[in-house]
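Okay, here's what each chain looks like letter by letter:
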Amino acid sequence: MKMATRREFLGGMAAFGVLGASGCAGRMRGSGEAGKLPEQGEFVIRNAYVMTMDAATGDLPEADVHVRQGAIVAVGRGVQAPGAQAIDGRGMIVLPGFIETHWHMWNALLRSMSGDKREHGYFPTALNLGKAYLPDDMYQGTRLGCAEAINGGITFVHDWCHNIRSPEFAQANLRALRESGIRGRFSYGAAQGHPATETINLADLERLHTDWRSQSNDGLLALGLAWRGVSTGATGAVAATAYRQDFDTARRLGIPISVHANNRKGSDAIALLARDKFLGRDVQVIHATWVSPEEIRALADNGCPVSLSPYTELRIGFGFPPTGELLAAGIPVGLSVDTTALSGNADMFAIMKAIQNIENSRTNNEFKLPARRVLELATIEGARSMGMDERVGSLKAGKRADLIMVNTREVNLGVFSEPAHMLVEAAQPSNVDTVMVDGRILKRRGRLTAIDVEQTVSEASSALAAVRKRGGWW
Ligand SMILES: [Zn+2]
């Protein structure tokens with residue numbers, strides 16, 4: 001991530017007209033009021049290479065994208081947009097923002113902290129340090145995660161929050177999501193070390209659901225359930241009475257459900273979910289690296305989407321994502337970060353590259369998973385897997401304006417050859433020049449506009465030091 005000095009950051013803000021008369025000093029403090037996000041203006045990106053990721057339209061070289069009040073008005077050549085602020089798109093690939101489908105964002109404080117001995121592995125680290133978190137640590141972790149997401153062109157995150165130790169933890173986490181301006185789903189889960197015999201705080205979940213309008217950032221955020229499921233977790237098997245009540249509450253409230261399953265050899269969690277009628281279009285399954293043909297059929301028959309996080313699956317030894325088998329069965333597949341405690345970073349370009357390379361290598365087939373198909377998983381298909389494809393995931397008039405501009409005139413991207421291949425094989429977060437979410441410019445000319453990176457990293461570092469101390473962690 002490029003580090004902007006505070007002066008450069010403020011300069012960039014002023015140049016972009018996002019500073020009010022009062023300036024912004026103090027308005028993004030960790031404990032202060034939510035910062036005011038950049039306005040949804042009217043923009044026209046001119047003469048870019050536009051990858052709409054819309055099957056009917058395809059790619060449009062030297063095309064324009066017109067955005068007004070958060071929506072895409074037009075995509076095409078010679079778009080008329082009098083009064084719109086013009087953004088030069090020459091040398092840029094414009095495409096939908098990346099859709100991330102499962103990420104424990106509070107873990108961002110624990111970047112690269114999964115150690116080399118069993119007692120310092122990911123699960124004990126998350127458990128012991130998670131117990132030492134205070135609500136503000138949830139804010140700090142999630143804000144850092146949001147900054148990294150936006151910096152790398154991720155415009156939608158599925159924040160799988162499994163450290164809600166009291167309602168204040170959820171509130172602090174949600175505040176970070178709102179302040180960042182990102183789009184996403186916040187999935188409400190248990191705390192680290194939560195008793196396996198008890199339900200999560202269902203009263204708090206229901207309260208949030210009832211009052212969701214005040215949390216949703218004008219519809220940018222949705223609520224879900226981070227379900228522990230039927231399988232054995234890091235802290236033991238969850239009691240049937242508890243997981244059933246959690247599940248039934250989400251279904252009654254009509255909120256989507258997400259569950260980790262089949263990440264260890266011999267696991268039959270998906271078969272159990274199928275047997276007990278827990279599968280459905282509203283139930284996302286994460287990992288499924290050890291999945292039988294029967295289980296794939298059950299997922300497909302029930303319309304269950306699957307989220308794959310190749311870097312954590314590789315790093316922790318969950319095995320290889322069965323991307324080809326899932327896609328062949330017609331299962332909606334999305335890509336995910338999971339946790340930077342294991343993956344180190346949240347680089348969707350690298351995730352796409354890993355998904356392609358693993359699949360081709362696994363099948364000894366150079367042509368098995370084409371770059372453009374991988375790009376679909378990170379955009380429109382990822383959106384479909386999250387039930388968001390009517391709103392985002394492709395560039396089309398009427399959809400919300402979530403898009404990114406990738407600068408192809410940088411040393412790792414020049415020359416302009418095959419754009420889908422360039423994005424999957426060559427691009428990296430530093431090439432993301434501009435990021436727009438809901439028509440708000442959150443990154444411009446390589447710098448974040450609504451998050452002060454220097455302050456975010458510095459406060460997150462202090463928070464981690466305190467968490468380590470409280471947790472008595474090495
Ligand atoms: Zn996970």
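Please read these numbers as outputs of a predicted model, since none were measured by experiment.

Asks: Sorry, what's going on with the pairing of strand S16 (residues 403-407) here?
Replies: The side chains of a regular strand alternate between the sheet's two faces. Counting buried positions along S16 gives five out of five residues, so the element sits mostly inside the fold. Of the two faces of S16, the one holding Leu403, Met405 and Asn407 and the one holding Ile404 and Val406 are both buried throughout. Pairing of strand S5 (residues 92-96) with S16 involves five bridges; the strand directions are antiparallel. Across the sheet, residue Pro96 finds its bridge partner in S16, namely Leu403.

Asks: Teacher, can you tell me more about the state of the cysteines here?
Replies: A covalent bond between the sulfur atoms of two cysteines is referred to as a disulfide. Per the counting criterion, the structure on display carries zero disulfides. Cys161 carries a free sulfur, and the closest cysteine sulfur to it, the one in Cys146, is 12 Å from it.

Asks: I keep staring at a nonpolar patch on the surface and nothing clicks. Help me out?
Replies: On the surface, a nonpolar cluster with roughly 280 Å² of combined accessible area is contributed by Tyr311, Leu314 and Phe320. By the element assignment, Leu314 lies in helix H9 (residues 310-316). Taking the relative accessible area as the measure of exposure, Leu314 reaches 37% and is therefore partly exposed.

Asks: Would you mind showing me how to read the nonpolar core here?
Replies: Nonpolar side chains in soluble globular proteins tend to be buried together. Core analysis: the largest hydrophobic core is formed by 117 residues, its most contacted members being Phe98, Phe186 and Trp227. A per-element tally of this core places helix H3 (residues 135-151) first, with seven residues. Leaving out residues up to four positions away in the same chain, Phe98 has contacts with Gly152, Gly153, Ile154, Thr155, Phe156, Met348, Phe349, Met352, Leu375, Ala378, Thr379 and Ile404. One finds Ile45, Ala63, Val67 and Leu403 within the second-largest nonpolar core, a separate group that totals 18 residues.

Asks: Just to check I follow, could you spell out the sheet that holds strand S8 (residues 183-188) for this structure?
Replies: Hydrogen bonds along the backbone pair up the strands of a sheet, which may run parallel or antiparallel. Ordered by their spatial adjacency, eight strands build an open sheet running S6-S7-S8-S9-S12-S13-S14-S15, and the pairing between neighbours is parallel. Both edges of this open sheet fall to strand S6 (98-99) and strand S15 (333-335), since each of them pairs with a single strand only. One ladder, built from two bridges, connects strand S13 (residues 283-287) with strand S14 (residues 306-308); its direction is parallel. Residue pairing across strands places Val285 opposite Val306, the latter belonging to S14. Its contacts with the sheet put helix H4 (residues 167-180) on strand S7 (154-161), S8 and strand S9 (221-227), and the angle it makes with S8 is roughly 170°.

Cut-off values and rules
- Residues numbered from 1 in each chain as written.
- Predicted model: local features only at pLDDT ≥ 70, side-chain atom pairs only at ≥ 80, totals over all residues.
- Heavy atoms only, no water.
- Buried < 20%, exposed > 50% of the residue type's maximum accessible area, 1.4 Å probe, protein only.
- Helix = DSSP H or I, 4+ residues; strand = E, 2+ residues; numbered from the N terminus.
- Pairing = 2+ DSSP bridges.
- Disulfide = S-S within 2.5 Å.
- Patch = residues over 30% accessible without salt bridge, like charges linked within 9 Å, V, L, I, M, F, W, Y side chains within 5 Å.
- Areas by Shrake-Rupley, 256 points an atom, 1.4 Å probe, with all protein chains shown as cover.
- Salt bridge = Lys/Arg side-chain N within 4 Å of Asp/Glu carboxyl O.
- Core = buried A, V, L, I, M, F, W, Y, C linked by side-chain atoms within 4.5 Å.
- Contact = heavy atoms within 4.5 Å.
- Axes fitted to C-alpha atoms, helices over the stretch in contact; angles between N-to-C directions.

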